[in-house]
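Okay, here's what each chain looks like letter by letter:
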Amino acid sequence: MKVVLDTCVLKLATFPSENNASALVFQLARAGLAEAWASPAMLEEYADVLADRPDFVAEIVENCRICHPLTELRIIRHEPDNRFLECAFAANADFIVTVNTAPGHFDRERFQTVRVVTPGQLLNLPEVRPLVRQLAEG
Amino acid sequence: MYATAVVEGKVVRFKLSPALARAQRANLGRNLTEREAVEFVETKRRSRALRRAKPYLESRS
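Residues numbered from 1 in each chain as written. Chains lettered and ligands numbered in written order. Predicted model: local features only at pLDDT ≥ 70, side-chain atom pairs only at ≥ 80, totals over all residues.

## Regarding the overall build of chain A
The secondary structure content of chain A amounts to seven helices and six strands. Taken from the N to the C terminus, the helices and strands of chain A come in the order β-α-α-β-α-α-β-α-β-β-β-α-α. By the compact-globule yardstick of 14 Å for 138 residues, chain A fits well, its C-alpha radius of gyration being 14 Å. With respect to the principal axes defined by its C-alpha atoms, chain A has extents near 40 × 35 × 25 Å. A fraction of 64% describes how many contacts in chain A between residues 6 or more apart in sequence connect residues 24 or more apart. (Helix = DSSP H or I, 4+ residues; strand = E, 2+ residues; numbered from the N terminus. Rg over C-alpha atoms; globule rule 2.2 N^0.38 Å. Contact = placed C-beta atoms within 7 Å.)

## Some thoughts on the interface of chain A and chain B
At the interface, 33 residues of chain A touch 29 residues of chain B. Elements represented by at least two residues in the side of chain A that touches chain B include exactly α1 (7–13), α2 (21–30), α3 (40–49), α4 (54–63) and α7 (129–137) of chain A. With six residues, the single largest contributor to the side of chain A that touches chain B is α2 of chain A. Residue classes in the side of chain A that touches chain B are distributed as 18 nonpolar, seven polar and eight charged. (Nonpolar A, V, L, I, M, F, W, Y, C, P; charged D, E, K, R; others polar.)

## Regarding the packing of α4 of chain A against helix α1 (residues 18–26) of chain B
Helix packing for two helices is described by the angle between their axes and how far apart those axes are. Where α4 of chain A meets α1 of chain B, the closest approach of the two axes is 8 Å, and the angle between their N-to-C directions is 150°. Considering only the axes of α4 of chain A and α1 of chain B, their crossing is left-handed. On the side of α4 of chain A, the interface is formed by Asp 55, Phe 56, Ala 58 and Glu 59 of chain A, while α1 of chain B contributes Ala 19, Leu 20, Arg 22 and Ala 23 of chain B. Looking at the contact of α4 of chain A with α1 of chain B residue by residue, the classes come out as five nonpolar, no polar and three charged. (Axes fitted to C-alpha atoms, helices over the stretch in contact; angles between N-to-C directions. Left-handed = near helix turned anticlockwise from the far one by under 90°.)

## So, α3 of chain A
Structurally, the α-helix is built with 3.6 residues per turn, so residues lying three or four positions apart point the same way. Within the sequence span of α3 of chain A, burial applies to Met 42, Glu 45, Tyr 46 and Val 49 of chain A. Each buried residue of α3 of chain A lies within a common arc of 105° when the element is viewed along its axis, so the set occupies one face. Check the buried side of α3 of chain A and you find it contacts α1, β2 (35–38), α4 and α5 (82–91) of chain A together with α2 (34–60) of chain B. (Buried ≥ 20, exposed ≤ 12 C-beta atoms within 10 Å, placed from the backbone. Arc of directions from axis to C-beta.)

## Points about the confidence of the model for chain B
Residue and element names in this part refer to chain B. In this model, chain B carries a mean pLDDT of 94, and residues with pLDDT of at least 70 account for 100%. Per-element confidence in chain B is highest for α1, whose mean pLDDT is 98, and lowest for α2, whose mean pLDDT is 93. The ipTM for the predicted assembly is 0.92, set against a pTM of 0.95. (pLDDT = per-residue confidence, 0-100.)

## A word on the domain arrangement of chain B
Looking at chain B, the domain boundaries give domain 1 (1–30) and domain 2 (31–61). Distance between the C-alpha centres of domain 1 of chain B and domain 2 of chain B: 29 Å. (Domains from an automatic or database assignment.)

## Notes on the sheet that holds strand β1 (residues 2–5) of chain A
Hydrogen bonds between backbone atoms are what pair the strands of a sheet, whose relative direction is either parallel or antiparallel. Residues and elements named next belong to chain A. The six strands lie next to each other as β3-β2-β1-β4-β6-β5, forming an open sheet whose pairing is mixed. Bordering the open sheet on either side are β3 (64–66) and β5 (110–111), each of which pairs with just one other strand. Here three bridges tie β1 to β2, and the two strands are oriented parallel to one another. Bridge assignment links Val 4 to a residue of β2, and that residue is Trp 37. The sheet strands contacting α5 are β1, β2, β4 (95–97), β5 and β6 (114–117), and the helix crosses β1 at an angle near 165°. (Pairing = 2+ DSSP bridges.)

## Brief notes about the pairing of strand β1 (residues 2–7) of chain B
Residues and elements named next belong to chain B. Taking every second residue as pointing to the same face, the buried face of β1 carries Ala 3, Ala 5 and Val 7, while none of Tyr 2, Thr 4 and Val 6 on the other face is buried. Inspection of the sheet shows β1 paired to strand β2 (residues 10–15) by six bridges, in the antiparallel sense. Paired with Val 6 across the strands is Val 11, a residue of β2. The antiparallel pairing of β1 with β2 creates a hairpin that spans two residues between the two strands, and Glu 8 there sits at a positive phi of about 55°.

Here's what the structure looks like:
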């Protein structure tokens, strides 16, 4: 399962909460149960947004597979969001994981073959639930 | 350090990686909503765009 993580998901992961689906999604990737993909442009944004947590940025970089999209897209109205879509297409990802589904952002259920899901939706998919159980048991 | 999430209506307990555990400890007692997270990222994007545009803007003034 290949995923592209929106930056806001990683930011949310750093805040403790009783239902931290974002942190669990990151832990799935770290455990190798999901493949997290990123592009250099995305890593730059991760580092910028999480500048107060350089150790976490290092963990993200260590656990992401890097792709180099060759095509610059203009599909999503909010231009910076296209970097994530470019990565998803280049990596042939299954999911973009985001909480930003407002109009003009990731406002479709899918972009071609790439599904847009929130962290909570991802974790509750039938194909993901066994991975969650595996992580929790491990 | 462990965290929890609700999956299939059940609470799942999972271990956090060292850096994520440190980040959560540092943010203990603080809350961030999904909307605030999106706004935070957008603010950073605007700042970065302004930083990049600064040499051009300065050259025009």
